[in-house]
Amino acid sequence: MIAAPDRTPLTRDFFDRPVLDVAPDLLGRLLVRDTPEGPIELRLTEVEAYDGPDDPGSHAYRGRTARNGVMFGPPGHVYVYFTYGMWFCMNLVCGPEGRPSGVLLRAGDVTVGAELARKRRLSARNDRELAKGPARLATALDVDRSLDGTDACDPQGSPLTMLTGTPVRPDQVNSGPRTGVSGDGAVHPWRFWIANDPTVSPYRAHVPRRRST
């Protein structure tokens, strides 16, 4: 008999650790999105770590801005950014306050509220694709910049909460280069995913964007 996922909220201490410890430990955890229409829950299956001032791939590598300010705040908060002029992506802030690091949530398996996620992900061919990729994940959960700074460790009325779920054994975790990261940060094997899980997104190396002439 398979035990039900642990619904105990993750504590601030869970996130107040080095990002490379937190990132793989998030696999199998539950993310709960409370919406006016009802809850949506997903089991995290793929993440990427970004290590702030030591990581050229991080938004915080060159210091604090209006966009990335949440990354410098307390651990366990949600950092949401807008990308390519059309998509939102969400991260969970890690490490001690003042040292910006975070985990990009890349993919997950929607376990509750799939009917609500489908309304937002009309192009998904099946439920495995509802949150298969960071922009798709945010879209499925109706996450935008209005949720930037949300405390995911506060279960009392928070629109986003992280639960203990069912942690994944280390032998079930794969790692490799991060998707779409260029330059010195491209070589870091800081993408972590559950082996053979069908909701994990395909790896894509960085491709420079061409300017129109």
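Throughout, a residue's number is its position along its own chain's written sequence, starting from 1. Since the coordinates come from a predicted model, pLDDT governs what is reported: local features require at least 70, and pairs of side-chain atoms require 80 or more to be given and counted, while whole-chain, interface and lining totals use all residues. Calculation of side-chain values draws on the structure's entire complement of heavy atoms; hydrogens and water are dropped beforehand.

(A) Broad picture of the overall build of the protein. Where helices and strands are cited, they refer to DSSP runs of H or I of at least four residues and of E of at least two residues respectively, numbered from the N terminus. Check the secondary structure of the protein and you find four helices and nine strands. Ordering the α and β elements of the protein from the N terminus gives β-α-α-β-β-β-β-β-α-α-β-β-β. Taken over C-alpha atoms, the radius of gyration comes to 16 Å for the protein, in line with the 17 Å a tight globule of 213 residues would show. Taken along its principal axes, the extent of the C-alpha atoms in the protein is 50 × 40 × 35 Å. Classification of residues uses two cut-offs on accessible area relative to the type maximum, computed with a 1.4 Å probe and protein chains only: under 20% is buried, over 50% is exposed, and between them is partly exposed. For the protein, the residues scored as buried account for 50% of the 213 residues in total. Throughout, the radius of gyration refers to the C-alpha atoms, and the reference size of a globule is 2.2 Å times the residue count to the power 0.38.

(B) Molecular detail of the nonpolar core. Nonpolar core, defined: a set of buried Ala, Val, Leu, Ile, Met, Phe, Trp, Tyr and Cys residues in which side-chain atoms within 4.5 Å join the residues together. The biggest cluster of nonpolar side chains holds 42 residues, and the ones touching the most others in it are Phe-15, Leu-26, Met-90, Val-103, Leu-105 and Met-162. In terms of residue count, the dominant contributor to this core is strand 3 (residues 38-50) (five residues). The contact criterion used throughout is that any non-hydrogen atoms of two residues lie within 4.5 Å. If near-sequence neighbours (up to four positions away) are discounted, Val-103 is found in contact with Val-19, Val-22, Ala-23, Leu-26, Val-47, Glu-48, Met-90, Asn-91, Leu-92 and Cys-94.

(C) The arrangement of the pattern of salt bridges in detail. The working definition used for a salt bridge is a side-chain nitrogen of Lys or Arg within 4 Å of a carboxyl oxygen of Asp or Glu. Inspection of the entire model under this criterion finds 18 salt bridges. In this structure, Asp-151 and Arg-12 form a salt bridge, with 2.8 Å as the shortest nitrogen-oxygen distance. On the criterion of sequence distance, the pair formed by Asp-151 in the loop between helix 4 (134-140) and strand 7 (160-165) and Arg-12 in helix 1 (residues 12-15) is long-range, its members being 139 residues apart. A relative accessible area of 31% means that Arg-12 is categorised as partly exposed. Between Arg-191 and Glu-46 there is a salt bridge, with the nearest N and O atoms lying 2.6 Å from each other. Taken together, the residues Arg-191 in strand 9 (residues 191-194) and Glu-46 in strand 3 connect sequence positions 145 residues apart. In this structure Arg-191 comes out as buried when scored by relative accessible area, which is 5%. By relative accessible area, which is 0% here, Glu-46 ends up buried. By sharing partners, the salt bridges in this structure join Arg-33, Glu-37, Arg-120 and Asp-142 into a single network.

(D) Region of interest: the side chain of Ser-158. Among the structural elements, Ser-158 can be located in the loop between helix 4 and strand 7. In protein, a polar contact requires one atom able to donate a hydrogen and another able to accept it; more generally it is a pair of N or O atoms within 3.5 Å, and residues adjacent in sequence count only if both atoms are side-chain atoms. A polar contact is formed between the side chain of Ser-158 and the backbone oxygen of Leu-160, at a distance of 2.8 Å.

(E) Representation of the environment of Ala-107 in the model. As for its placement among the helices and strands, Ala-107 is situated in strand 6 (residues 101-112). For the pair Ala-107 and Pro-134, spaced 27 residues apart in the sequence, the C-alpha separation amounts to 6.0 Å. Excluding its chain neighbours within four sequence positions, the residues that come into contact with Ala-107 are Arg-43, Leu-44, Thr-45, Glu-46, Ala-131, Lys-132, Gly-133, Leu-137, Thr-199, Val-200 and Ser-201.

(F) Summary view of unusual backbone geometry. A positive phi angle, near 55 degrees, is found at Asp-142, a position not held by glycine. For Asp-142, a relative accessible area of 32% gives the class partly exposed. With a phi angle near 65 degrees, Asn-196 is a residue other than glycine that sits in the positive phi range. Classification of Asn-196 as exposed rests on a relative accessible area of 80%.

(G) The arrangement of the packing of aromatic side chains in detail. We call Phe, Tyr and Trp rings a pair once their centres come within 6.5 Å, taking the six-membered ring for Trp, and we label the pair stacked below 30 degrees between planes, edge-to-face above 60, and tilted otherwise. If you walk through the whole model with that rule in mind, you get three aromatic pairs. An angle of 40 degrees between the planes, with centres 4.8 Å apart, marks the rings of Phe-82 and Phe-88 as tilted. A relative accessible area of 23% means that Phe-88 is categorised as partly exposed. Cation placement over rings: the criterion is NZ of Lys or CZ of Arg within 6 Å of the ring centroid and within 35° of the ring normal. When the ring centre of Phe-14 is taken as origin, the NZ or CZ atom of Arg-17, which lies over that ring, is 4.6 Å away. A cation sits over an aromatic face here: Arg-191 above Trp-193, 4.2 Å from the ring centre.

(H) Spatial organisation of the state of the cysteines. What counts as a disulfide here is a pair of cysteine sulfur atoms lying within 2.5 Å. Enumeration according to the criterion identifies zero disulfides in this entry. Cys-153 forms no disulfide, and the closest cysteine sulfur to it belongs to Cys-94, at a distance of 9.8 Å. Note on Cys-153: relative accessible area 13%, which makes it buried.

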